[in-house]
Amino acid sequence: MRTRIPAFAAALVLAALGVAVPVAQAAAPAIPGPKCTAAHGAVEYDSATGQWTCNGGVHDGELITET
């Protein structure tokens, strides 16, 4: 009984995080790669986050979309 309650609580927290993370990523501003390079930036992969970002130029730090 003692282990079921913490395990259930942990499952609820993980489920909530699983739903919240894609929503947070969708809310972040994103630009296409060509727009980043046209504004004197460089498209770079951040292995810590697993996402492509624009470094330098006008759109420094913004996420890159697939197209």
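Here the structure is shown first, and the text comes after it.
Residues numbered from 1 in each chain as written. Predicted model: local features only at pLDDT ≥ 70, side-chain atom pairs only at ≥ 80, totals over all residues. Heavy atoms only, no water.

Caption draft 1: Geometry of the environment of G41. Within the secondary structure, G41 sits in the loop between α2 (33-38) and β2 (42-46). In the structure, G41 is positioned 17 residues away from V58 in sequence and 7.1 Å away in space, judged by C-alpha atoms. Those residues within four positions of G41 in sequence are excluded, and the remaining contacts are C36, C54, N55, G56 and G57. (Helix = DSSP H or I, 4+ residues; strand = E, 2+ residues; numbered from the N terminus. Contact = heavy atoms within 4.5 Å.)

Caption draft 2: Just the packing of aromatic side chains, in detail. A complete count under the given rule lists one aromatic pair for this structure. Taking 5.1 Å as the distance between ring centres and 55° as the angle between the ring planes, the aromatic pair formed by Y45 and W52 counts as tilted. The exposure class of Y45 is partly exposed, given its relative accessible area of 47%. Judged by its relative accessible area of 45%, W52 is partly exposed. (Phe/Tyr/Trp six-rings, centres within 6.5 Å; stacked < 30°, edge-to-face > 60°. Buried < 20%, exposed > 50% of the residue type's maximum accessible area, 1.4 Å probe, protein only.)

Caption draft 3: The pairing of strand β3 (residues 51-55), seen in detail. Inspection of the sheet shows β2 paired to β3 by five bridges, in the antiparallel sense. Paired with A42 across the two strands is N55, which belongs to β3. What sits between β2 and β3 in their antiparallel hairpin is a turn of four residues, with G50 showing a positive phi close to 75°. (Pairing = 2+ DSSP bridges.)

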